[in-house]
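The lines below spell out each chain.
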Amino acid sequence: MHNISAAAGTGRENPRKRILFLSAVQLHPALKNDTIKRLHKRSAFTGRAGYIFKERSENAMPNEYDNDVFFSQYARMNRSKGGLAAAGEWHQLKPLFPPLEGTAVLDLGCGYGWHCKYAADHGAARVLGIDLSEKMLAQARLKNQDEIIQYRLCALEDYEYPENTWDIAVSNLALHYIEDLAQVFQNVWRTLKPGGTFLFNIEHPVFTSGVHQDWIYDEDKTPKYWPVDDYFRPGRRVTRFLGCEVVKQHHTLTQILMGLLGCGFVLEVVEEVQPSGEMLQLPGMQDELRRPMMLLVRAGKHV
Ligand SMILES: C[S@@+](CC[C@H](N)C(=O)[O-])C[C@H]1O[C@@H](n2cnc3c(N)ncnc32)[C@H](O)[C@@H]1O
């Protein structure tokens with residue numbers, strides 16, 4: 001699975017191959033970080049990558065969470081150390097969970113597994129957390145183990161979404177890494193049982209269409225405004241996050257909400273996250289009231 005197969009071409013004949021090449025490089029434990037970075041640059045930004053590696057996923061986008069530098073920064077974030085209570089969205093997301101007692105819960109992009117454990121602790125009968133990152137799953141197995149939770153290394157794009165299987169699908173801050181969001185929505189619709197709930201938190205379109213996902217600053221480095229550009233051009237955005245170049249996918253509000261409605265979902269709740277009163281005391285948090293960063297949606301399969 002981790003084999004580097006061969007220097008087999010440029011990938012130009014199929015743009016997706018360049019992307020696949022990145023995710024495979026990230027997965028290869030023997031590659032040093034600087035090598036990974038150099039290869040990233042060549043492939044993602046100049047398109048001149050000269051190698052094709054065996055890839056684990058046919059469809060997934062590159063995932064920075066297995067990059068050592070990125071992962072170690074992510075591990076320092078409050079949400080990684082403090083779990084749900086330290087996550088800026090939790091005060092709004094928590095009340096949106098449907099009753100969990102006896103349910104089967106699927107977590108898409110589960111990361112450290114905080115939401116899986118929350119579901120287990122609140123009576124879920126069975127939980128499956130899937131994620132593309134080995135490093136994130138290693139933390140999930142360490143910090144959020146439970147006999148009813150299963151963690152599985154799998155891209156959202158590759159999961160089989162068995163029909164009428166889950167009562168609840170939850171996804172926190174993973175869907176803005178998905179290029180074909182409409183396809184994931186359709187798959188979630190299929191895999192939910194009738195009456196099931198899809199609850200997710202995705203980076204807000206105002207945030208994902210932010211230029212480099214950063215403020216424009218004045219001379220004394222105070223954020224002046226949040227620049228939005230190319231809003232109606234969905235797709236790939238290269239951003240800087242935790243000191244690394246990270247590829248995210250911008251989806252417009254229409255695509256997100258109409259995508260759900262088009263599958264047959266009923267929109268039950270749509271909320272934009274604002275910091276809690278407590279969080280507002282933390283440095284820099286007042287600026288989070290100047291533009292939305294996260295969009296919460298609860299959608300039901302009311303059939
Ligand atoms: C910001 S973290 C959120 C983790 C977790 N849901 C939470 O809220 O703590 C995003 C997660 O999405 C995962 N991810 C990104 N792209 C993915 C994909 N295509 N398939 C599965 N997981 C993916 C990353 O590996 C990472 O664990």
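Residues numbered from 1 in each chain as written. Predicted model: local features only at pLDDT ≥ 70, side-chain atom pairs only at ≥ 80, totals over all residues.

Participant: Tell me what's going on with the site of the ligand, and back it up with residues and numbers.
Facilitator: Surveying the vicinity of the ligand reveals 21 residues, the closest of which are Gly109, Gly111, Ser133, Asn172 and Tyr177. Taken together, the residues of the shell around the ligand sort by class into 14 nonpolar, five polar and two charged. (Near = placed C-beta within 6 Å. Nonpolar A, V, L, I, M, F, W, Y, C, P; charged D, E, K, R; others polar.)

Participant: Describe the pairing of strand β2 (residues 126-131), and please don't skip the residues or the numbers.
Facilitator: On any regular strand, side chains alternate: one points to one face of the sheet, the next to the other face. Counting buried residues along β2, five of its six residues qualify, which places the element largely inside the surrounding structure. Where strand β1 (residues 104-108) lies against β2, five bridges are found, and the strand directions are parallel. Each bridged residue has a counterpart across the sheet, and for Val105 the counterpart in β2 is Val127. Remark: the β1/helix α6 (residues 114-121)/β2 crossover connection has right-handed handedness. Of the pairings in the sheet, the one linking β2 to strand β3 (residues 149-153) comprises five bridges and is parallel in character. (Buried ≥ 20, exposed ≤ 12 C-beta atoms within 10 Å, placed from the backbone. Helix = DSSP H or I, 4+ residues; strand = E, 2+ residues; numbered from the N terminus. Pairing = 2+ DSSP bridges. Right-handed = clockwise from strand over helix to strand, strands pointing away.)

Participant: Outline the sheet that holds β2, listing residues and values.
Facilitator: Sheet architecture is open: seven strands sit in the order β3-β2-β1-β4-β5-β11-β10, paired in mixed fashion. Edge strands, defined here as strands with exactly one partner in the open sheet, are β3 and β10 (266-272). Each strand axis lies, on average, 15 degrees off the axis of its neighbour in the sheet, ignoring direction. Bridge count between β10 and strand β11 (residues 294-300): six bridges; the pairing is antiparallel. Paired with Val266 across the two strands is Gly300, which belongs to β11. (Axes fitted to C-alpha atoms, helices over the stretch in contact; angles between N-to-C directions.)

Participant: Outline unusual backbone geometry, listing residues and values.
Facilitator: With phi around 45 degrees, Tyr161 is a residue other than glycine that occupies positive phi space. The exposure class of Tyr161 is buried, given the 20 C-beta atoms found within 10 Å. The residue Lys221 is not glycine, and still its phi comes out positive at about 70 degrees. In this structure, Lys221 sits in the loop between β6 (216-217) and β7 (223-225).

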